[in-house]
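Breakdown of the fold
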Amino acid sequence: MSTQADPAQPAEAAGPVGGRADQAVVTAPHAATDGQVALTATGLTLGFGTRTILSDVCVDVRRGAVTALIGPTGSGKTTLLRTFNRMNDKVGGYHRKGDVLLDGRSIWHPGVEVMELRRRIGMLFQRPNPFPMSIMDNVAAGARAHRLVSKAGMKDVAERYLTAVGLWGAVKDRLKDSPFRLSGGQQQLLCLARALAVKPEVLLLDEPTSSLDPGATQAIEELVRTLAPDITVIIVTHNLAQALRVADRTIFLNQGRMVENGETRQLFEHPAEEETAQYVAGRFG
Amino acid sequence: MSFSTQVAGAAGETGSSPSPRRLAARARAALRRAEVFRWLGGASALIPVLALGFILVVLLVEAFPAIRINGLHFFYKSVWNEGASYNAQIVRTGGVEHLSGAYYGALPEIAGTLLTSLIALIIAVPVSIGAALVIVERLPRRVASVIGVFLELLAGIPSVIVGLWGALTFGPFIAHHITPVIARNMPDVPVLSYFRGAPGNGEGLLTSGLVLSIMIIPIVASTTRDLVRQVPILPREGAIALGMSDAQCARRVTLPWVGAGIVGAVVLGLGRALGETMAVAMTCGVQLTAVPGNIYTTMTTIAATIFQYLDTAFLDGTGFAVRTVAELALVLMVITLAVNIAARWLVRKVSGTALPVGRGV
């Protein structure tokens with residue numbers, strides 16, 4: 001990500017915004033102690049160089065639910081998502097205020113090992129990103145790295161997780177093949193299997209279907225529904241219909257601020273904020 | 001505005017002077033130009049093919065008599081004897097003139113070539129890959145580009161200067177301060193026993209290998225750096241997001257992504273090491289007739305021998321010594337070509353794509 005100030009970004013986006021963000025602060029402290037909450041961001045302000053992406057974001061993410069992150073381009077959805085597994089830490093010019101708690105403990109606590117954190121909080125990207133190794137090795141790559149599986153157990157792991165994502169039938173005869181010969185949707189399912197194989201508690205999905213055709217999109221969406229409640233899912237999406245289809249709860253971000261966080265249906269049908277109403281009605285974004 | 005004037009001008013020109021002769025001349029000129037370029041292009045494309053073929057044919061013709069007389073023992077004997085050159089008794093064997101007693105076995109040269117290159121690769125490959133990864137993934141851009149400049153400068157140092165440094169400074173330094181300790185303490189087990197024995201005076205196999213490694217590191221490292229830079233961020237982020245360490249990400253994702261190219265980079269370096277003449281000639285200690293018994297002893301390589309022995313070879317009035325030098329050159333050429341072909345095969349096995357670099361000779 002560029003550390004340069006983006007001229008297209010309105011200057012107001014950088015400044016702290018009162019009102020609605022303050023309301024969220026009120027919910028945060030009790031949320032952190034609530035057993036129902038898996039992830040909490042408290043007063044999270046974050047940026048790169050002179051550019052501030054997130055301003056004082058306070059959200060809590062329900063355990064075992066599917067939560068959609070929606071908002072217009074540049075609203076900070078992906079940045080927030082990548083903060084949850086500390087993927088932003090090494091980006092140039094990164095600076096942060098506030099905190100993110102996983103089960104009540106800061107993810108930046110010195111006792112938190114970042115690689116173990118990322119095992120617990122998995123991620124699926126906008127485009128499929130298989131590794132340059134066989135399909136079987138792809139599925140087991142993370143599990144091998146975390147020593148969750150022996151070399152001999154790799155095939156079992158591959159079968160279990162490829163079955164879980166519904167890909168086993170299609171690839172069982174070519175486990176040694178390159179994953180790059182699979183279709184885009186199959187590759188994304190493979191990446192999902194790979195992410196599941198390290199037994200994550202939280203799964204971050206960054207517009208996982210934006211590069212896929214409708215059929216593959218449907219397959220991923222159906223899978224996401226089945227992941228909860230064992231896994232807490234946070235899905236960034238541009239597609240409001242997708243949020244309605246898959247998410248129990250929805251968080252609306254705009255210009256780096258958390259505007260509204262609630263039950264998906266409630267948020268879409270009876271939004272508490274005028275901004276949310278305008279966005280879900282398609283008037284901007 | 002200018003466009004419309006141009007169009008108007010062109011229309012006016014054709015309108016006022018429809019001279020078909022001028023048009024035809026212009027067309028002919030264009031045709032000629034196109035022809036010329038086609039011929040030039042074809043000729044340029046043929047030049048590498050012809051050059052390689054020509055060199056091979058000349059070497060074969062020059063070396064053929066030596067190949068017949070020297071026979072197979074050229075490849076397994078350790079002898080270098082041009083025969084009785086003082087009272088010049090000329091003998092004719094199978095129609096080929098040579099001095100009486102002439103006997104050549106180039107095993108030390110062949111072994112020296114392979115051993116120095118092996119040492120150079122063992123050191124240069126890990127160093128280069130590590131350096132490339134650090135430069136691309138760890139260092140700030142500005143520092144990385146400064147180091148890149150130094151890498152390219154290092155690659156451009158004339159080999160005679162590297163050789164001089166090796167012979168005057170580096171060789172004696174390791175012979176006095178480093179190799180005696182290693183030679184004394186290395187256990188007497190197979191392979192490692194090769195590091196035991198007399199530590200020498202700084203001219204020999206180890207010094208030549210190390211000097212070669214310094215000469216090929218910039219080639220391998222800068223090529224590998226450019227390759228690693230091309231690895232897309234997405235699969236690397238995928239590995240990091242899965243909780244892999246940087247080392248695991250490099251070993252399992254980044255390097256395999258460009259594995260074929262790295263093989264090519266290594267072959268590029270190996271080609272340089274196999275053929276490097278001056279630096280090795282200055283640091284090898286020139287031992288024409290013995291395969292090095294330990295890693296410190298004096299030795300020679302094919303390239304160094306061709307260079308150092310050529311003057312002496314011209315003193316052989318029968319020309320047989322020169323023909324033997326040509327045979328030596330042919331052996332080197334076959335080794336480098338074989339390495340290149342093997343690398344291409346390896347690359348195809350690794351990736352199924354074409355080799356990005358194939359200029360190892």
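You'll find the structure just up there.
Residues numbered from 1 in each chain as written. Chains lettered and ligands numbered in written order. Predicted model: local features only at pLDDT ≥ 70, side-chain atom pairs only at ≥ 80, totals over all residues. Heavy atoms only, no water.

Considerations on the side chain of Thr250 of chain A
Residues and elements named next belong to chain A. The condition that has to hold: Where helices and strands are cited, they refer to DSSP runs of H or I of at least four residues and of E of at least two residues respectively, numbered from the N terminus. Whether a residue is buried, partly exposed or exposed follows from its accessible area with a 1.4 Å probe, protein chains only, as a fraction of its type maximum: under 20%, in between, or over 50%, in that order. Polar contacts here mean pairs of N or O atoms no more than 3.5 Å apart (in protein, one a potential hydrogen donor and the other a potential acceptor; neighbouring residues in sequence count only if both atoms are side-chain atoms). The criterion used for residue contact is that any of the two residues' heavy atoms lie within 4.5 Å.
Counting through the fold element by element, Thr250 comes out in strand S9 (residues 249–254). The class for Thr250 is buried, based on a relative accessible area of 0%. One polar contact links Thr250 to Thr264, side chain to side chain, over a distance of 3.0 Å. The residues contacting Thr250, other than those within four sequence positions of it, are Ala68, Ile70, Glu260, Asn261, Gly262, Thr264, Leu267 and Phe268.

Here's the deal with a positive patch on the surface
Put simply, the rule reads: Nonpolar side chains (Val, Leu, Ile, Met, Phe, Trp, Tyr) are joined into patches within 5 Å and like charges within 9 Å, using only residues with over 30% relative accessible area and no salt bridge. Residue exposure ignores everything except the shown protein chains as possible cover, and the areas themselves are Shrake-Rupley values with a 1.4 Å probe. Salt bridge, as applied in this entry: a Lys or Arg side-chain nitrogen positioned within 4 Å of an Asp or Glu carboxyl oxygen. Residues counted as positive are Lys and Arg, residues counted as negative are Asp and Glu, and His and the chain ends are not counted. Here the site of a charge means atom NZ of a Lys, CZ of an Arg, CG of an Asp or CD of a Glu.
Taken together, the side chains of Lys151, Lys155 and Lys176 of chain A together with Arg251 of chain B present a region of like positive charge at the surface. With respect to the helices and strands, Lys176 of chain A occurs in the loop between helix H6 (168–171) and helix H7 (184–196).

Remarks on unusual backbone geometry
Residue and element names in this part refer to chain A. Here the amide bond leading from Ala228 into Pro229 is cis, since omega sits at 5°, within 30 degrees of zero. In this fold, Pro229 is placed in the loop between helix H8 (214–227) and strand S8 (232–236). Of note, the phi angle at Arg86 is positive, near 60°, even though the residue is not glycine. Its location among the elements puts Arg86 in the loop between helix H2 (77–84) and strand S4 (94–102). Although it is not a glycine, Gln255 adopts a positive phi angle of roughly 50°. Mapped onto the fold, Gln255 is located in the loop between S9 and strand S10 (257–263).

Here we look at the sheet that holds S10 of chain A
All names here are of chain A. Using the following cut-off: In this analysis, strands are considered paired if DSSP registers two or more bridges between them. Here, axes are lines fitted to C-alpha atoms. For helices the fit covers the stretch in contact, and angles between N-to-C directions go from 0 to 180 degrees.
On the basis of which strands lie adjacent, the open sheet formed by 6 strands has the order S6-S7-S8-S3-S9-S10 and mixed pairing. Only two strands of the sheet have a single neighbouring strand rather than two, namely strand S6 (121–124) and S10. On average, each strand axis in the sheet is tilted by 20° relative to the strand beside it, whichever way the strands run. For S6 and strand S7 (residues 202–206), the ladder comprises 4 bridges, and the chain directions are parallel. Paired with Gly122 across the strands is Leu203, a residue of S7.

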